[in-house]
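If you want the building blocks of each chain, they are given just below.
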Amino acid sequence: MSAMASAIRRRSRVDVTPYLLVAPAVALILLIYGYPIVRVFIDSFLSPTAARGTTVGLANYGFVIDDPVFWKSAGNNVFLLVGVPIMTFVALVVAVILFDQIRGWRLYRTLVFTPYILAVPVIGVTFVYLYGYNGVVNEILRAVGLGGLAQDWLGSPTLVMPSILSVIIYRELGFGVMLFLARMASIREELYEAAMIDGAGWWARLRYITVPQLRTVMTFFVVIELITMLSWVFAYVYSMTGGGPAFASSVLELYIWKYAFAYRAIGIASAVAVLLLVAISVLIVVQLLVRGGESETGEE
Amino acid sequence: MSALRRFLSPAGLFKQALMVAIAIAAIYPVYYMLETSLKTREAWTADQFGLPLPPTLDNYATLLADGRIPVWFMNSVIVTTASVLVSTVVATLAAFAIARLTFRGRTFLLRLLVALMVVPPAVLVLPLFLGLQPLGLTNTYQGVVLIYSGMLVPFSVYMLSSFFRTLPVELFEAARIDGASTMRILRSIVVPLSGPGFITLIVVNAMWVWNELLIALVFLQDDQKRTLMAGLTTMRGRYAINEPLVMAGMFLGVLPILLLFLFGQRFFVRGLVAGAVK
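Turning our attention to the overall build of chain B. Each helix and strand in chain B was counted, giving 15 helices and zero strands. Here the C-alpha radius of gyration of chain B, 24 Å, is well above what a compact globule of 278 residues would show, namely 19 Å. Along the first, second and third principal axes, the C-alpha set of chain B runs to 75 × 70 × 30 Å. Per-residue burial for chain B yields a buried fraction of 46% across its 278 residues. Counting contacts in chain B only where the partners sit at least 6 residues apart, residues at least 24 apart contribute 75% of the total.

Regarding its fold elements, chain A presents 15 helices and zero strands. Its C-alpha atoms give chain A a radius of gyration of 25 Å, clearly above 19 Å, the size a compact globule of 300 residues would have. A principal-axis box enclosing the C-alpha atoms of chain A has dimensions of 90 × 75 × 35 Å. Out of the 300 residues belonging to chain A, those deemed buried represent 40%.

So, on to the interface of chain A and chain B. With 70 residues of chain A in contact, the opposing surface of chain B contributes 64 residues. The element best represented in the side of chain A that touches chain B is helix 2 (residues 17-43) of chain A, accounting for 17 residues. Here the residues of the side of chain A that touches chain B are counted per class, giving 56 nonpolar, nine polar and five charged.

This part takes up unusual backbone geometry. Omega for the bond connecting A:Gly244 with A:Pro245 falls within 30 degrees of zero, at -5°, which places this linkage in the cis form. A cis amide bond links B:Leu53 with the next residue in sequence, B:Pro54, at an omega value of -10°. Unlike most non-glycine residues, A:Gln101 shows phi in positive territory, near 55°. Following the sequence through the fold, A:Gln101 ends up in the loop between helix 5 (83-99) and helix 6 (105-117). Classification of A:Gln101 by C-beta neighbours within 10 Å gives exposed; the count is 10. Look at A:Arg264: it is not a glycine, yet its phi comes out positive at around 55°. Turning to its location among the elements, A:Arg264 is positioned in the loop between helix 14 (252-262) and helix 15 (266-296).

Moving on, we get to the domain arrangement of chain B. Residue and element names in this part refer to chain B. Partitioning chain B into domains gives domain 1 (2-59) and domain 2 (63-273). One C-alpha centre belongs to domain 1, the other to domain 2; they are set 33 Å apart. Between domain 1 and domain 2, the contact holds nine residues from the first and nine residues from the second. Of the residues forming the side of domain 1 that touches domain 2, the biggest block, four residues, is contributed by helix 2 (residues 10-37). Partitioned by chemical class, the residues of the side of domain 1 that touches domain 2 number three nonpolar, four polar and two charged.

Formed by 166 residues in total, the largest nonpolar core has its most connected members in A:Val272, A:Ala273 and B:Ala94. The residue makeup of this core includes at least three contributed by each of domain 1 (2-59) and domain 2 (63-273) of chain B. If we skip the residues at most four places from it in the chain, B:Ala94 touches A:Leu21, A:Val22, A:Ala25 and B:Val157.

All names here are of chain B. Two elements in contact, helix 8 (residues 141-165) and helix 11 (residues 195-211), have axes separated by 11 Å at closest approach and are oriented at 155°. Considered as vectors, helix 8 and helix 11 are oriented roughly antiparallel to each other. As for how helix 8 packs across helix 11, the hand of that crossing is right-handed. For the pair formed by helix 8 and helix 11, the contact residues are Tyr-148, Leu-152, Ser-156, Met-159, Leu-160 and Phe-163 on the first element and Gly-197, Leu-201, Asn-205 and Val-209 on the second. Looking at the contact of helix 8 with helix 11 residue by residue, the classes come out as seven nonpolar, three polar and no charged.

Residues and elements named next belong to chain A. Across chain A, the average pLDDT comes to 88, with 91% of residues at or above 70. Averaged pLDDT values over the elements of chain A bottom out at 54 in helix 1 (residues 2-12) and peak at 97 in helix 4 (residues 68-80). Counting interchain partners and residues more than four positions distant, the pLDDT-below-50 stretch residues 296-300 has three contacts.

Turning to the packing of helix 5 (residues 68-100) of chain B against helix 11 of chain B, a few remarks are in order. All names here are of chain B. Axis separation between helix 5 and helix 11 bottoms out at 9 Å; the angle between their running directions is 135°. Here helix 5 is positioned oblique relative to helix 11, judged by the angle of their axes. Here helix 5 runs over helix 11; the crossing is right-handed. In contact with Ser-76, Val-79, Thr-80, Ser-83, Val-84, Ser-87 and Thr-88 of helix 5, helix 11 contributes Phe-198, Leu-201, Ile-202, Asn-205, Ala-206, Val-209 and Trp-210. Looking at the contact of helix 5 with helix 11 residue by residue, the class counts come to eight nonpolar, six polar and no charged.

Before going further, it helps to examine the confidence of the model for chain B. Residues at a pLDDT of 70 or more form 97% of chain B, whose mean pLDDT is 90. With pTM at 0.90, the complex prediction returns an ipTM value of 0.90.

Parameters at a glance
Residues numbered from 1 in each chain as written. Chains lettered and ligands numbered in written order. Predicted model: local features only at pLDDT ≥ 70, side-chain atom pairs only at ≥ 80, totals over all residues. Helix = DSSP H or I, 4+ residues; strand = E, 2+ residues; numbered from the N terminus. Rg over C-alpha atoms; globule rule 2.2 N^0.38 Å. Buried ≥ 20, exposed ≤ 12 C-beta atoms within 10 Å, placed from the backbone. Contact = placed C-beta atoms within 7 Å. Nonpolar A, V, L, I, M, F, W, Y, C, P; charged D, E, K, R; others polar. Domains from an automatic or database assignment. Core = buried A, V, L, I, M, F, W, Y, C linked by C-beta atoms within 7 Å. Axes fitted to C-alpha atoms, helices over the stretch in contact; angles between N-to-C directions. Parallel < 35°, antiparallel > 145°, perpendicular 65-115°, else oblique. Left-handed = near helix turned anticlockwise from the far one by under 90°. pLDDT = per-residue confidence, 0-100.

Here's what the structure looks like:
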């Protein structure tokens, strides 16, 4: 009887345990995400220098819009997006080959995945040597008689961004392969068996079973990589070129970092941070809308 | 026999050739780091491709004698351990509530956490710096540990709560009937049963903190406080003309994660695909 009474009593009051459990996480989030996001908006309307409190309206945004380096940086982020379809395609091809369990597939899988666990700054510095004028890439070109193609890969304003992109693809490819392989492993065997009975060849099975089944995970990978290209490439650029030559390989994160910590122009750095945040949010909303549309048509 | 025939078919040979090419490209930079680091500067200048024969550990000895890398290494160990510890504890509590308890705002909280996962650190770094500076938290371990822990929370809660949801619900009901309190259930049932989930999360989070650069550069500028990654990026300027020495430093930078990966590959894979494949 008393157990029942206490159960009733417990139910009638609001149980505070869940709130106590989430409280530390919520506090940390408010501190590390909440406060900075609010502050970066406010700061973007304040005087660009360290002098606090002077509202300058949209002047910081105006400065940014008129700054060719800003557009160069944003353009470079947009250029990097080119890499997303490329690496999605290559990752798919590699995953499909490995999924067939060709001879040595376990070793290939490990090797292909390895770059993804390496630290970006380390990869960056290593590729500075590989891409140097007397680096490995040029030496190989010279050795096979293509010395005319030898370039200063990271020193040329036109080649620096494609070169950086190749390094990003180098590292991120393994992530895609792993994602796709993990999803493939959970495709039901009966689908393939039924297809085999129906006489479907290797290509038909790929086209009509594997790829459609991978759609969700491919979308996920594409979204993650779009976000990476827009807002997670600082370490690549910083460790390889520092944004150079001149501003040829600057990206938005580097632009924010320079204005924030080298030029001490808080308002301007904040304005660009706000623009970056808005761009990412738009991307996410678009993705959610697309996905929402898909689920209405009966996908998963 | 048919396996061999498939291997020798044009398609089979093409696949093998493609995979060999991709695998070599993937591993070559690591090989290059190691190979270069085992050469003297003179041997490297004479031939950067040849095997390091005889190999020399001079570069590693120089780096250890210089003393910076061991200090940076320890800084990274401290910062990584503390951040992973704090975020895991905080996330475990929240994830348990989200996965197994009902309360107002639960769905909203989970959605918010998912949204926060995509906020770029570059957006947060300046306001955090301005906010933490007056508190004397810049150039301190506590400051970066606080930031890293906070940044790890959204993914950690998300991952752990999906893991906790896979635990059989009957266990919770049985424990409730036996009169176990919520905290008791968390301590005696959820945590002991979630070993694989925790290992996966710890591996992924540790790797993220170990490899992080932007926050480390901004918040730990004192040479004695630098993390290994931030320190390594200063090496190229300092030893620009001594490639083998720089490569030795780089190799030391990836070695711990590389070793972890070789022994626990499945945890890396599981953790890194956790967000996408249910």
